[in-house]
Amino acid sequence: MNQPASAYFIEDRHDPNETHTLAVLVQNEPGVLARVIGLFSGRGYNIESLTVSETEAQKHLSRITIVTTGTPMVIEQIKHQLDRMIPVYRVVDMTLTKRSIERELAMVKVRGQGEHRVEALRLADAFRARVIDATTESFVFEITGNTDKINQFIDLMRPLGLVEVSRTGVAAIGRGPEGM
Amino acid sequence: MSDKSHDPNQMTGAAMIVRALIDHGVTDIFGYPGGAVLPIYDEIFQQSEVQHILVRHEQGAGHAAEGYARSTGKPGVALVTSGPGATNMVTPLTDALMDSIPLVCISGQVPTHLIGNDAFQECDTVGITRPCTKHNWLVRDVNDLAKVLHEAFYVATSGRPGPVLVDVPKDVQFATGTYHPPRKSDVHRSYAPRVKGDATQIRKAVALLANAKRPVIYSGGGVINSGPDATKLLRELVEVTGFPITSTLMGLGAYPASGKNWLGMLGMHGTYEANMTMHDCDVMLCVGARFDDRITGRVDAFSPGSKKIHIDIDPSSINKNIRVDVPIIGDCGNILGDILQVFKAEAKKPDIKSWWQQIAQWRARNSLYYKKSNDVILPQHAIQSLFEATRGKDTYITTEVGQHQMWAAQFYGFEEPHRWMTSGGLGTMGYGLPAAVGVQVAHPDSLVIDIAGDASVQMTMQEMSTAVQYELPIKIFILNNQYMGMVRQWQQLLHGNRLSHSYSEALPDFVKLAEAYGAVGLQVHKPVDLEGAIKEMISVKRPVLFDCRVAALENCFPMIPSGKAHNEMLLPEQANDEATAKAFAGGKALV
């Protein structure tokens, strides 16, 4: 069928998806995270990564960093929908500013002996990962960096006895002297 | 007791709620008591400034509050208990959210120490209502209550209006704390809707309007929400520019139906001339409407050749469904004023004579045509008769949802805003009867008519009891075709005429039902009796159930088959089986 059969199925646009990192400054009140997550699930938006923590205790401010994907039109909608929520102060598209730094922290547990163990340690050193726990048959590495770097590190650890990974999700901040 | 007992601002949470209502100018609320709101009901009992209307089901309270709000422009207030009281409010809250109606719902909650314990009549009210309110609050400390209540009224009524809910545990209602009245200086920290439009954008808009050859103004409920100024300015803009104007379902009445530039409603069941004008225009000015799917039809074929200006107070409405060229964010009254000022100063009335000639040709298709009968009442004819009988009277119309609603929108001419209360976005069957209750409470001396269907009206029929108790002379004008007409219409058009569960096998005798409630029942079968019966209905100063037996199989046209473009309308004279089959080719996927 060339023509969509219903207004509900018309979104036949094949605009390519983009990945954007959004920084959302919110009033730290009960349920605010549920509101943000509910918006994403209710409207069918994607969450690739979500990080939240109180950033200014005295002003009751929390900062939520969300990595999301969608067509440019959907990304624009997401920002507007977030911005109109009552406890939301500001929404900044860190990807659009092109002047932001993104970091993620991961803890990576690797189990192995002999050559694998030595190789894991060597790679960790190359990636500037720190050993934060060690037994005779395992390490826990702490690694910080952007998402790609961490993915790469985890891929390398896989054949060397990767046991589990715990990641914080992405935090982002703008370069230069100005705040958001 | 401490010295504080003499401080007039020291009071219980329950007393604060009533006090806040009074401070916000609330004179009427709609509610239903229960365990978790008894302290509030005790306070209501001991005062006379706020009148409480006891409904028969919490959904009725919500829709009544909506009707009250839509007909007055003031926020509607509902009071319900915890658990089922709150869950029964979900439909009206969602309805108000979709149609941007200011609603303040106060719900009782189990005491704070029981929250999360699966206590009797406990539910996660803020969790359940989070996606169906503009914002909601659970108040755990009585000293936060005043601030939250004032904030609730502010959020409900400012920016794009909407429903809010304040959930108050019973122990907070009993606890004593400090109340403070609403203060002008209270600025919300994170919520400040933009009111004033951007001057550069306004200039761009005026430049487009001034050079338009085939313009159209497409207005919506936002104009009515904005207030009387917006309506006045919209009318002035039409006058100054000479442009044709159409409106969404929600926007009816902002421009008078008798106005010479009026094209009728647009959209799925809009007029041919309105939809063709939208399709072929070169400049579209959308004021306070949101390009809903019932309006646009097929989005990729929506008004393909036009530059679009979109005025909306909600930035998330911009570019949501349709890409626009000149978005202007702000209050439409404010922006219309600015546009008019610039237009008057710098532009002159464009010559659009040939455009009007084209429109006249579309109009000549007479897309609302129907064939009258002497044997059976046509529903369109019933609405027209009702309109004639109430013309010039101080009338408010509510509706349920379905064919009767579309016929009401097509055939009842609205001259003023706030006179038309209908469930547009959510499409809530059962909205109209309780909404009429709310409208009549707000306007005790006016004529309030719910144009209803036989199926819809049974969803909230219990509120007839409310109407009788408070001597609210609402008129329930039922277009009784014994079907869920719109469901049946779609089954006929799209599902091989298999009328699955759309026939009401066992309708009540509406006349006897009215009498059982202590109201007046009227029934009419013949066209010849219709006028007299309507006169009688209007003259009775009591609630009336009017059982208007209409042609059972009449369908609502014209119609844009869903998923088609504005210029692919199905007109009544074409609605034979073959044309219908063709228009709906592609099939059952239509929604």
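Residues numbered from 1 in each chain as written. Chains lettered and ligands numbered in written order. Predicted model: local features only at pLDDT ≥ 70, side-chain atom pairs only at ≥ 80, totals over all residues. Heavy atoms only, no water.

## Some points on the overall build of chain A
Just so we agree on the cut-off: Starting at the N terminus, helices and strands are each numbered in turn, a helix being any DSSP run of H or I of at least four residues and a strand any DSSP run of E of at least two. As defined in this context, the radius of gyration uses C-alpha atoms, and a globule is described by 2.2 Å times the residue total to the power 0.38. The classification of residues rests on relative accessible area computed with a 1.4 Å probe and restricted to protein chains. Under 20% of the type maximum is buried, over 50% is exposed, and intermediate values are partly exposed. The contact rule is simple, with two residues in contact once any of their heavy atoms fall within 4.5 Å. In summary, the charge assignment counts Lys and Arg as positive and Asp and Glu as negative, without counting His or the chain termini. Positions of charges follow a simple convention, taking NZ of Lys, CZ of Arg, CG of Asp or CD of Glu.
Secondary structure assignment for chain A yields five helices and nine strands. Along the chain direction, N to C, the helices and strands of chain A fall in the order β-α-β-β-α-β-α-β-α-β-β-α-β-β. Relative to the compact-globule value of 16 Å for 180 residues, chain A shows a C-alpha radius of gyration of 20 Å, a clear excess of over 25%. For chain A, the C-alpha atoms occupy an extent of roughly 60 × 55 × 30 Å along the three principal directions. For chain A, the proportion of its 180 residues judged to be buried stands at 41%. Taking all contacts inside chain A whose residues are at least 6 apart in sequence as the whole, residues at least 24 apart take part in 70%. The positive charge centre, built from 21 side chains, and the negative charge centre, built from 23, are 3 Å apart in chain A.

## Some remarks on the overall build of chain B
Summing up its helical and strand segments, chain B has 23 helices and 20 strands in all. In summary, chain B has a C-alpha radius of gyration of 25 Å against a globular reference of 25 Å for 591 residues, a match within 12%. Counting only C-alpha atoms, chain B reaches 80 × 60 × 45 Å along its principal axes. Put simply, chain B has 591 residues, and 61% of those count as buried. Looking at chain B alone, contacts between residues at least 24 apart form 75% of all its contacts between residues at least 6 apart.

## Quick look at the domain arrangement of chain A
Residue and element names in this part refer to chain A. Stated formally: Reported domain spans reflect what an automatic or database domain assignment gives. What counts as a salt bridge is simple: a side-chain nitrogen of Lys or Arg found within 4 Å of a carboxyl oxygen of Asp or Glu. Polar contact criterion, stated in full: a pair of N or O atoms within 3.5 Å, where within protein one must be able to donate a hydrogen and the other to accept it, and residues adjacent in sequence count only if both atoms are side-chain atoms. Polar here means any residue outside two lists: the nonpolar Ala, Val, Leu, Ile, Met, Phe, Trp, Tyr, Cys and Pro, and the charged Asp, Glu, Lys and Arg; Gly therefore counts as polar.
Annotation of chain A at the domain level lists domain 1 (12-97) and domain 2 (100-174). Put simply, the middle of domain 1 and the middle of domain 2, counted by C-alpha atoms, are 28 Å apart. Viewed at the interface, domain 2 and domain 1 are joined by zero salt bridges. Taken together, domain 1 and domain 2 are joined by six residue pairs in polar contact (both at pLDDT 80 or more). Partitioned by chemical class, the residues of the side of domain 1 that touches domain 2 number three nonpolar, five polar and one charged.

## As for the domain arrangement of chain B
All names here are of chain B. Formally: Put simply, buried area is the surface a 1.4 Å probe can reach on two separate parts but cannot reach once they are joined, added for both.
When cut into domains, chain B gives domain 1 (3-178), domain 2 (199-363) and domain 3 (379-549). Computed over C-alpha atoms, the centres of domain 1 and domain 3 are 30 Å apart. Listed by partner, the interface residues are 25 residues for domain 1 and 26 residues for domain 3. Summing both partners gives a buried area of about 2,000 Å² for domain 1 against domain 3, and 62% of it is carried by carbon and sulfur. The largest share of the area that domain 1 buries against domain 3 comes from R56, R70 and S71, three residues that together contribute 31% of it.

## Structural notes on the UniProt feature "domain: ACT" (unreviewed entry) in chain A
Under the convention used in this document: UniProt positions are given in the numbering used here, feature names are shortened, and annotations may be inferred rather than shown by experiment.
The UniProt record marks residues 21-96 of chain A with the feature "domain: ACT" (unreviewed entry), using the residue numbering of this structure. This span, residues 21-96 of chain A, is 34% helix and 41% strand, and a straight line between its end C-alpha atoms measures 9 Å.

## Some details on helix α5 (residues 147-157) of chain A
Residues and elements named next belong to chain A. Here is the rule we go by: The directions from the helix axis to the C-beta atoms form the arc being described.
Those residues of α5 lying buried are I150, F153, I154 and M157. Down the axis of α5, the buried set is contained in an arc of 100°. They therefore lie on one face. Where α5 is buried, its residues meet β5 (100-111), α4 (115-126), β7 (138-145) and β8 (162-167).

## Things to note about the sheet that holds strand β14 (residues 326-329) of chain B
Residues and elements named next belong to chain B. Basically, it comes down to this: Strands are treated as partners if at least two bridges between them are detected by DSSP. All axes here are fitted lines through C-alpha atoms, helices being fitted over the stretch that makes contact, and every angle between N-to-C directions spans 0 to 180 degrees.
Ordered by their spatial adjacency, six strands build an open sheet running β11-β10-β9-β12-β13-β14, and the pairing between neighbours is parallel. With one partner strand each, in any of the chains shown, β11 (262-265) and β14 form the two edges of the open sheet. Within this sheet the neighbouring strands show an average axis-to-axis angle of 15°, counted without direction. In this sheet, strand β10 (residues 245-247) lies alongside strand β9 (residues 215-219) in parallel orientation, the contact comprising three bridges. Residue pairing for β10: S219 is matched across the bridge by S247. Across the sheet, helix α9 (residues 199-210) is in contact with β12 (283-287), β13 (307-312) and β14; its angle to β14 comes to roughly 135°. Against the sheet, helix α12 (residues 272-280) touches β9, β10, β11 and β12, its axis set at about 105° to β11.

## Some points on the packing of aromatic side chains
The relative placement of two aromatic rings is captured by the distance of their centres and the angle of their planes. This is how it is decided: Two rings from Phe, Tyr or Trp (for Trp, the six-membered ring) form a pair when their centres are within 6.5 Å of each other. A pair whose planes differ by under 30 degrees is stacked, one over 60 is edge-to-face, and the rest are tilted. Here, a charge over a ring is recorded when the distance from Lys NZ or Arg CZ to the ring centre is within 6 Å and its angle to the ring normal is within 35 degrees.
In this structure the tally under the stated criterion is 16 aromatic pairs over all chains. Among the aromatic residues, those joined into a cluster by ring pairs are F127(A), F139(A), F141(A) and F153(A). When the ring centre of Y396(B) is taken as origin, the NZ or CZ atom of R419(B), which lies over that ring, is 4.2 Å away. One residue, R488(B), lies across the ring of Y483(B), its end atom 4.8 Å from the ring centre.

## Focus: the pattern of salt bridges
Side-chain pairs of opposite charge can arise whenever the charged atoms involved come near each other. Residues and elements named next belong to chain B. This model, assessed by the stated rule, comprises 28 salt bridges over all chains. With a closest N to O distance of 3.3 Å, E66 and R70 form a salt bridge. Pair noted here: E66 and R70 are both in helix α3 (residues 58-72), with a separation of four residues, about one helical turn. D314 is the salt-bridge partner of R160, the closest N and O atoms lying 2.7 Å from each other.

## Digging into the side chain of D454(B)
Residue and element names in this part refer to chain B. Turning to its location among the elements, D454 is positioned in the loop between β17 (447-453) and α19 (463-469). With no salt bridge to any partner, buried D454 finds its closest opposite charge in R549, at an N-O distance of 8.0 Å. There is a polar contact of 3.0 Å between the side chain of D454 and the backbone nitrogen of N481.

## A word on the sheet that holds strand β19 (residues 520-524) of chain B
All names here are of chain B. The six strands lie next to each other as β16-β15-β17-β18-β20-β19, forming an open sheet whose pairing is parallel. Sheet topology places β16 (420-421) and β19 at the edges, where each strand pairs with a single neighbour. Two strands pair when backbone bridges link them, and strand β18 (residues 475-480) and strand β20 (residues 544-549) are joined in this way by six bridges, in the parallel orientation. If you follow I478 over to β20, its bridge partner there is D547.

## Some words on the packing of helix α16 (residues 379-390) of chain B against helix α22 (residues 527-539) of chain B
Residue and element names in this part refer to chain B. Inclusion rule: Note on angle classes: values under 35 degrees are labelled roughly parallel, values over 145 roughly antiparallel, values of 65 to 115 roughly perpendicular, and the remainder oblique. Two helices crossing with the near one rotated counterclockwise from the far one by less than a right angle form a left-handed crossing, whereas a clockwise rotation gives a right-handed crossing.
At a minimum axis distance of 10 Å, the contact between α16 and α22 shows a crossing angle of 50°. If you check the angle between α16 and α22, you find them oblique. Handedness of the crossing formed by α16 with α22: right-handed. Contact with α16, carried on its side by H381, A382, S385, L386, A389 and T390, involves L530, I534, M537 and I538 of α22 and no other residues of that element. Counted by class, the contact of α16 with α22 contains seven nonpolar, three polar and no charged residues.

## A short note on the side chain of T296(B)
All names here are of chain B. Inspection of the secondary structure assignment puts T296 in helix α13 (residues 293-296). According to the relative accessible area criterion, T296 is buried, its value standing at 1%. Filtering out sequence-adjacent residues up to four positions away, T296 remains in contact with F291, F302, I322 and H566.

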